[in-house]
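# Overview (structure and organization)
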Amino acid sequence: MLSREDFEYIQSQPELMDPLGWLHLDLTPKGDKGWVRHFNGQLRPLTAQGLSAGAEEQGHKKAIGKVHMLLTNCPLIKVDRLHNGGSFGRRTMVRGLFDVDVTAFVTTYKGRVLGYHDWTGEEGEALQARSQASDRGKVQRKILMKQVLGSGGGAGEERPQAEPAREAGLSEALTAVVKDTSDRVKSVARLVKCWYKYSLKDKIPHVPSVLLEVLTLAAAQREGLWYPVKNNRTAEVELFLAALTLLDAAVTSKEVVVLEAGPVWGYSRAQAESCRHTWQDDTVVVLHPIDPTCNLARAQPDREVDWPMMAWEARELRQVVRKDSMWTLLNESSLAPAIRALR
């Protein structure tokens, strides 16, 4: 029986008066999984709300349709195809805080046929000749990356450089890689993005949303959780912790984050290393999964990121998940504002 002093102490602690205050994470095989059940059953589903065909998504689809109509009817250009990219196209968007990246693949401008040489390098004719292929995104990736991945960096050979135009041209490939991942993994990527956008963005601005997405997927790959087995109930929690750990390591240990997208879309570690000259001086390195010359964390003019603070926030949240109660996570951690905003 509790003493009067103990009872009064418990009454003075809101955490202990709530059943969630007694739930702590236990990842041991036979440990209590109450914390995990609440995480999977109550928290993760909140991130999927933006995926339903509600008014917000319908509004975006209407706007996309208008843009598509204007581009296809423009007399100055001939559009081969249009691609809805960004988090909307990859189904990793955060409710209320996402836009749509529409990429138009233009083949003719003012009557002149455009080729690859119009914006970088050579081999434009090859791109035009193969534009009728059944999977044009895959063909485009192969041609755009031929110069990058085929370069050995030998004496007298020009080393590949990062090019924003090439990155934009690879939007279809990036969408294909992300959409191919497990929905369970994508839900954790959305949670990481929710944490940043609703809780941290005001004090740590300019962290690219796609960077957090790629980093989470890279963590899933490292932990063997790309396609979690059905009976692995702790996979999402483990991935959330792994993503926070990898974010911290990318900053404090200068660990290069690489999502290996496979031979069809991506590149090997050796090929990534051959492009080290393009990002070796950057503070944090999270490579684009299709183009290893592109560092998603590269500092942009007037858009510097306070990476040490971002790493500190990741460590603090990881500590709360590992050691504190579910009540603390929901009410006192840096994740709390995001959870409140999603409810």
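As the structure is a computational prediction, the values presented were derived from the model and not from experiment.

Here is what the cut-offs are and how they apply
Residues numbered from 1 in each chain as written. Predicted model: local features only at pLDDT ≥ 70, side-chain atom pairs only at ≥ 80, totals over all residues. Heavy atoms only, no water. Helix = DSSP H or I, 4+ residues; strand = E, 2+ residues; numbered from the N terminus. Buried < 20%, exposed > 50% of the residue type's maximum accessible area, 1.4 Å probe, protein only. Contact = heavy atoms within 4.5 Å. Areas by Shrake-Rupley, 256 points an atom, 1.4 Å probe, with all protein chains shown as cover. Axes fitted to C-alpha atoms, helices over the stretch in contact; angles between N-to-C directions. Parallel < 35°, antiparallel > 145°, perpendicular 65-115°, else oblique. Left-handed = near helix turned anticlockwise from the far one by under 90°. pLDDT = per-residue confidence, 0-100. Phe/Tyr/Trp six-rings, centres within 6.5 Å; stacked < 30°, edge-to-face > 60°. Patch = residues over 30% accessible without salt bridge, like charges linked within 9 Å, V, L, I, M, F, W, Y side chains within 5 Å. Salt bridge = Lys/Arg side-chain N within 4 Å of Asp/Glu carboxyl O. Nonpolar A, V, L, I, M, F, W, Y, C, P; charged D, E, K, R; others polar. Core = buried A, V, L, I, M, F, W, Y, C linked by side-chain atoms within 4.5 Å. Polar contact = N/O pair within 3.5 Å; in protein donor to acceptor, adjacent residues only side chain to side chain.

### Focus on the overall build of the protein chain
Along the backbone of the protein chain there are 17 helices and three strands. For the protein chain, with 343 residues in total, the buried portion stands at 49%. Taking contacts inside the protein chain between residues at least 6 apart in sequence as the whole, the part at least 24 apart equals 68%. For the protein chain, the computed accessible surface area is about 17,200 Å², with 52% contributed by carbon and sulfur atoms.

### Here we look at the packing of helix 10 (residues 183–200) against helix 11 (residues 209–222)
Taken N-terminus to C-terminus, the directions of helix 10 and helix 11 make an angle of 140°; their axes are 9 Å apart at the nearest point. In terms of orientation, helix 10 lies oblique with respect to helix 11. The handedness of the crossing between helix 10 and helix 11 is right-handed. The segment helix 10 lies against helix 11, with Val185, Val188, Ala189, Val192, Lys193, Tyr196 and Lys197 engaging Ser209, Leu212, Glu213, Thr216, Leu217 and Ala220.

### A word on the confidence of the model for the protein chain
Taken over all residues, the pLDDT of the protein chain has a mean of 80, while the share at 70 or more is 74%. Overall, residues 121–133 carries pLDDT values under 50, and its contacts beyond four positions in sequence, including any with other chains, amount to 21 contacts.

### Quick word on the packing of aromatic side chains
A full pass over the atoms with the stated rule returns two aromatic pairs. Taking the centre distance of 5.5 Å and the plane angle of 15° together, the rings of Trp35 and Phe39 count as stacked. Of this pair, Trp35 and Phe39 are both found in helix 3 (residues 34–47), four residues apart, which corresponds to roughly one turn of the helix. Classification of Phe39 as buried rests on a relative accessible area of 1%.

### Some remarks on a nonpolar patch on the surface
A cluster of nonpolar residues, Leu76, Val106 and Tyr109, forms a patch on the protein surface that exposes about 230 Å² of accessible area. Residue placement: Val106 occurs in strand 2 (residues 101–109).

### Brief notes about helix 9 (residues 171–179)
Of all nine residues making up helix 9, seven are buried, and the element is well covered by its neighbours. Three or more residues of helix 9 are buried, namely Ser171, Glu172, Ala173, Leu174, Thr175, Val177 and Val178.

### Re the environment of Ala311
Note on placement: Ala311 falls in helix 15 (residues 307–323). Given the relative accessible area of 1%, Ala311 is considered buried. Separated by 60 residues in the primary sequence, Ala311 and Val251 have C-alpha atoms spaced 6.3 Å apart. In contact with Ala311, other than residues within four places in its own chain, are Asp248, Val251 and Thr252.

### Comments concerning the packing of helix 10 against helix 15
The contact between helix 10 and helix 15 brings their axes to 13 Å, and the two run at 115°. The angle between helix 10 and helix 15 places the two elements in the roughly perpendicular class. The crossing of helix 10 and helix 15 is right-handed. Note on element contacts: helix 15 touches helix 10 through Met310, Glu313, Ala314 and Leu317, opposite Trp195, Tyr196 and Leu200. Partitioning the contact of helix 10 with helix 15 into residue classes produces six nonpolar, no polar and one charged.

### Let's talk about the pattern of salt bridges
Inspection of every chain in the model, using the stated rule, returns eleven salt bridges. Put simply, Glu236 and Arg44 hold a salt bridge, and the shortest N to O gap is 3.3 Å. Of this pair, Glu236 sits in helix 12 (residues 235–252) while Arg44 sits in helix 3, and the two are 192 residues apart along the sequence. Each member of the pair, Glu236 as well as Arg44, carries the same accessibility label: buried. Ionic pairing is found between Lys186 and Asp183, a salt bridge with its closest N-O pair at 3.4 Å.

### Quick notes on the environment of Gln221
Take Gln221: it is sitting in helix 11. Note on Gln221: relative accessible area 28%, which makes it partly exposed. Each C-alpha atom of the pair Gln221 and Val258 lies 9.6 Å from the other, and the pair is 37 residues apart in sequence. In contact with Gln221, not counting residues within four places along its chain, are Trp226, Val258, Leu259 and Glu260.

### Description of unusual backbone geometry
Despite not being glycine, His206 shows a phi value in the positive range, around 80°. Looking at the element boundaries, His206 is found in the loop between helix 10 and helix 11. With a phi angle near 55°, Lys254 is a residue other than glycine that sits in the positive phi range. Mapped onto the fold, Lys254 is located in the loop between helix 12 and helix 13 (262–265). For Lys254, a relative accessible area of 52% translates into the label exposed.

### Re the nonpolar core
Trp195, Phe240, Trp307 and Met310 are the most contacted members of the largest nonpolar core, which has 84 residues in total. When residues in this core are grouped by element, the largest group, twelve residues, is from helix 12.

### Some details on the side chain of Thr47
For Thr47, the position within the fold is in helix 3. Among the polar contacts listed, one links the side chain of Thr47 to the backbone oxygen of Arg44, at a separation of 2.8 Å.

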